[in-house]
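A look at the structure
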Amino acid sequence: MPFEDSKSKVATASAGHSRRDFLTVSIATGFALAVRPVAASTIITDSTGLQAGTVTIAVAGGDMPAYRAQPAAAKGPLPVVIVVQEVFGVHEHIQDVCRRLAKLGYLAIAPELYFRQGDPRKYPEIADLLKNLVSKVPDEQVIADLDVTVAFAIANGGDAARVALTGFCWGGRIAWLYAAHNPRLKAVAIWYGQVLQPTSANSPKNALDLVDKINVPVIGFFGGKDQGITQENLAKMRAAMDAANKTFELHVYPEAGHGFNADYRPSYDEAAAKDAWQRMLGWFHKYGV
């Protein structure tokens, strides 16, 4: 199946929407406007030995673009990692994360979860992006799209018995929610995902509200200097997970801030990022992914 033209065989009900109701968003190379200039520390992973590129997944009422990467010569069902985007969408960094995972033998796929609402890469200011796009994306919609993404990956070379999920920043919060939604995942890795924030009609629940529903091994990585995710709130999450007897680890890097894995930004902390990456891989291997 050619990566540029493939269509999902998995579709959902239209939910009352026509495909022309949705804005056209495509997966393109490059970084979001809001994160420029790009730092010299940016990691660039080539696609040598990989099949990598855009796929289209049929979801409720529309075609969702996604970036997929996997080993070119691999045979048999591959372990799957669903990669949930940062607040900036599936821009170059998230695509690179997929290629890094593919180099390790995974089928990695990152769906563009804002595609109905617009293109996050075109917003030059983070405040405008949050107000005019991100706030309009319902959690329920995102969870449904991730369900279809998992099914797509399995239908297109992935191993249904070896599926993990990781998410960064905005996607880290979504990773918490999806861990509470899909008990069939083998493991989840959360990178600085919010555990407690003001709720809204589109985001009615926090991760802390859903602890009892989490039945997937979870590992989380956080910065000790993160101004948005307080150590007090992390302590509440840790206590709740402990009280509910969940399988989890939460790692805090004291000198790191938010976005410490984002090598293309000044927030990058190389030591923390490398340590967390290896811990994530170890977590996946431990739980069979």
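Residues numbered from 1 in each chain as written. Predicted model: local features only at pLDDT ≥ 70, side-chain atom pairs only at ≥ 80, totals over all residues. Heavy atoms only, no water.

1. A short note on the packing of aromatic side chains
Applicable threshold: The criterion for an aromatic pair is that two Phe, Tyr or Trp rings (for Trp, the six-membered ring) have centres within 6.5 Å, with stacked assigned to planes under 30 degrees apart, edge-to-face to planes over 60 apart and tilted to the rest.
For the structure shown, the criterion picks out ten aromatic pairs. In this structure an aromatic cluster arises from ring pairing among F168, W191, Y192, F221, Y253 and F260.

2. Examining the nonpolar core
Cut-off, in case you're wondering: To define a nonpolar core, start from buried Ala, Val, Leu, Ile, Met, Phe, Trp, Tyr and Cys residues and group those joined through side-chain atoms within 4.5 Å. Whether a residue is buried, partly exposed or exposed follows from its accessible area with a 1.4 Å probe, protein chains only, as a fraction of its type maximum: under 20%, in between, or over 50%, in that order. Secondary structure elements follow DSSP: runs of H or I of four or more residues count as helices, runs of E of two or more count as strands, with numbering from the N terminus. When checking whether two residues touch, look at their non-hydrogen atoms; a contact exists if any pair is within 4.5 Å.
V83, L101, W170, W176 and W191 are the most contacted members of the largest nonpolar core, which has 95 residues in total. Residue contributions to this core peak at eight residues, all from helix α4 (residues 170-181). Setting aside anything within four residues of it in sequence, one finds V83 in contact with I94, V97, C98, L101, A108, I109, A110, P111, T166 and F168.

3. Re the confidence of the model for the protein
The test is simple: Values of pLDDT, ranging from 0 to 100, describe the predictor's confidence in every residue of the model.
For the protein, per-residue confidence averages 91 on the pLDDT scale, and residues scoring 70 or more make up 91% of the total. Contacts for the low-pLDDT stretch residues 1-24, under 50 throughout, to residues beyond four places or in other chains number 53 contacts.

4. Brief notes about the sheet that holds strand β1 (residues 50-59)
Note the threshold: Whether two strands pair comes down to DSSP finding at least two bridges between them. Orientation is described by axes fitted as lines to C-alpha atoms, over the contacting stretch for helices, and by angles from 0 to 180 degrees between their N-to-C directions.
Strands sit in the order β1-β2-β4-β3-β5-β6-β7-β8 across an open sheet of eight strands; the sheet is mixed. Among the strands making up the open sheet, the edge pair consists of β1 and β8 (248-253). Ignoring strand direction, the axes of neighbouring strands in this sheet form an average angle of 20 degrees. Pairing between strand β3 (residues 78-84) and strand β5 (residues 158-168): six bridges, direction parallel. Residue pairing for β5: V84 is matched across the bridge by G167. Of the strands in this sheet, β7 (218-223) and β8 touch helix α5 (residues 231-243), which is tilted by about 165 degrees from β8. The strands touched by helix α6 (residues 270-286) are β3, β5, β6 (187-191), β7 and β8; relative to β6, the strand with the most contacts, the crossing angle is about 165 degrees.

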